[in-house]
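Observations on the three-dimensional arrangement
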Amino acid sequence: MAKVLCVLYDDPTDGYPKSYARDGIPVIDHYPGGQTAPPPEAVDFTPGHLLGSVSGELGLRSFLEKAGHTLVVTSDKDGAGSVFDRELVDADVVISQPFWPAYLTPERIAAARNLKLAVTAGIGSDHVDLDAAIAHGVTVAEVTYCNSISVAEHVVMMILGLVRNYLPSHQVVLDGGWNIADCVSRSYDLEGMHVGTVAAGRIGLAVLRRLAPFDVTLHYTDRTRLPESVERELNLTFHESAAAMVPHCDVVTINAPLHPQTEGLFGDELIGTMKRGAYLINTARARIADRDAVDRSLRSGQLAGYAGDVWFPQPAPADHPWRTMPHHGMTPHISGSTLSAQARYAAGTREILESWLAGRPLRDEYLIVDGGRLAGTGAKSYSVNTR
Ligand code: NDP
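Residues numbered from 1 in each chain as written. Predicted model: local features only at pLDDT ≥ 70, side-chain atom pairs only at ≥ 80, totals over all residues. Heavy atoms only, no water.

Looking at an unreviewed UniProt entry, one finds the protein named Formate dehydrogenase, with Streptomyces fuscichromogenes as its source organism. For the protein, the Subunit (unreviewed entry) comment in UniProt is given as "Homodimer." Checking UniProt for the protein, the heading Function (unreviewed entry) contains the comment "Catalyzes the NAD(+)-dependent oxidation of formate to carbon dioxide. Formate oxidation is the final step in the methanol oxidation pathway in methylotrophic microorganisms. Has a role in the detoxification of exogenous formate in non-methylotrophic organisms." (UniProt positions renumbered as here; feature names shortened; annotations may be inferred.)

Bringing a nonpolar patch on the surface into the picture now. Residues W178, I180 and V184 make up a contiguous nonpolar surface patch of about 390 Å² in total accessible area. Residue classification places W178 among the exposed residues on the basis of a relative accessible area of 73%. (Patch = residues over 30% accessible without salt bridge, like charges linked within 9 Å, V, L, I, M, F, W, Y side chains within 5 Å. Areas by Shrake-Rupley, 256 points an atom, 1.4 Å probe, with all protein chains shown as cover. Salt bridge = Lys/Arg side-chain N within 4 Å of Asp/Glu carboxyl O. Buried < 20%, exposed > 50% of the residue type's maximum accessible area, 1.4 Å probe, protein only.)

What follows concerns the pairing of strand β8 (residues 236-239). Consecutive residues of a regular strand have side chains that alternate between opposite faces of the sheet. Direction of pairing for strand β7 (residues 217-221) relative to β8: parallel, over a ladder of four bridges. Its bridge partner lying in β8, H219 is registered against T237. The handedness of the β7 to β8 crossover, carried by helix α9 (residues 228-234), is right-handed. (Pairing = 2+ DSSP bridges. Helix = DSSP H or I, 4+ residues; strand = E, 2+ residues; numbered from the N terminus. Right-handed = clockwise from strand over helix to strand, strands pointing away.)

The feature "domain: D-isomer specific 2-hydroxyacid dehydrogenase NAD-binding" (unreviewed entry), as given by UniProt, occupies residues 156-335 in the numbering adopted here. Along residues 156-335, the helical share is 32% and the strand share 16%, with 11 Å between the first and last C-alpha atoms.

Taken from the UniProt record, the annotation "binding site: substrate" (unreviewed entry) applies to I123 and N147. For this annotated set, covering 25 residues, all C-alpha atoms fall within 7.3 Å of each other, a compact arrangement in space. According to the relative accessible area criterion, I123 is partly exposed, its value standing at 23%. Ignoring sequence-local partners within four residues, the contact set of I123 consists of P98, E142, V143, T144, Y145, C146, N147, S148 and R285. Within the secondary structure, N147 is located in the loop between β5 (139-142) and α5 (148-163). For N147, a relative accessible area of 4% translates into the label buried. If near-sequence neighbours (up to four positions away) are discounted, N147 is found in contact with F99, G122, I123, G336, A341 and Y345. (Contact = heavy atoms within 4.5 Å.)

We now examine the pattern of salt bridges. A full pass over the atoms with the stated rule returns 22 salt bridges. K77 is paired through a salt bridge with D78; the nearest N and O atoms lie 2.9 Å apart. On the accessibility criterion, K77 (1% relative accessible area) is buried. Classification of D78 by relative accessible area gives partly exposed; the value is 37%. K116 serves as the salt-bridge partner of D92, at 2.6 Å between the closest nitrogen and oxygen. Taken together, the residues span a long stretch of sequence, with D92 in the loop between α2 (83-88) and β3 (93-96) and K116 in the loop between α3 (106-111) and β4 (117-120) at a distance of 24 residues. According to the relative accessible area criterion, D92 is buried, its value standing at 11%. Through salt bridges with shared partners, a single ionic network connects K3, E87 and D90.

Pasting the structure below:
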């Protein structure tokens, strides 16, 4: 019987919801390109309910306990003596979400004698040290595509929010004011701008598709070029690298995984080659951008705005400079954890567990590491340290 250790974010400060703003969510059974949304054998939750917090338990408890497995759920994940550290010692499976990541460091992986499977209930498994997982034969899997469109929508929202100066203008209303000039002196139209994405995978391509009707010029860079038909359809300009692309762009959106090739990519040097007054949106992973270089470039005016929802570490400390730098539109890490997305990644987590507990192979597209090497989506989109 397996011990499953699940690290989830805390319930809302005023308690687990008793009712919701809407009565349901649309049923999505296929993603763009045809991949099916997770079809577990059954689910024990109501789609549209809060599943990602401790009391939501990703809807896993009765499924696991009925089959004789143990489920431990906690939000206490950091610091010496955390519940996570204590329970990890004999856990077979660890589940966590990127929004509240259980950092599986090499030390923790070495201490977790029974650990065989690390599941990301979401997308992005950089909170797991992939080299250590490879070395210890731990399988790493994530629920590929579950929240890609959720993030793409967030990116479009943040681009418009920055370019139109939405948040400061909303603040004027909250403060009881009406000074139009304060609101519009940093407000522009997106129409006519050049927008580029670093990576055109599931999220990056979805962002490009959503932006095309805004009459912008679209650019992208990726390790693999998109099919010519897609480039033609969206009138895309391909660039060999981020360095080659960003000088052409008014808006840059980062949609690549964090791995050795992308870590620290947006530092002083690259940001210094962007147009003065460009906007940078990063919902991928915080460490793709250099924390202090972003802060500096907003203060100097090199960037007109920075927005995203990804920080390091998470939760971000109260004195993190991205909370107080000028012209930012940061949120906590929420873009991939809408109630709509939660239903999909809770179902996908269950699908992964159903397969793994029954000894069946996991869907290839869910795999990041398996059998001591990068596998599936991991083999395509990640790299490991070769240092
Ligand atoms: P995909 O795997 O579909 O796409 C990732 C793309 O990045 C691939 O096309 C890959 O290229 C490309 N890529 C990898 N390395 C580089 C590089 N060095 N330079 C240029 N392109 C590169 O993933 P998704 O689009 O679904 O997700 C992307 C990332 O977004 C996730 O890894 C995660 O970190 C983040 N994310 C954030 C969320 C949030 O809530 N904020 C939620 C979900 C994801 P190729 O495959 O051609 O080699």
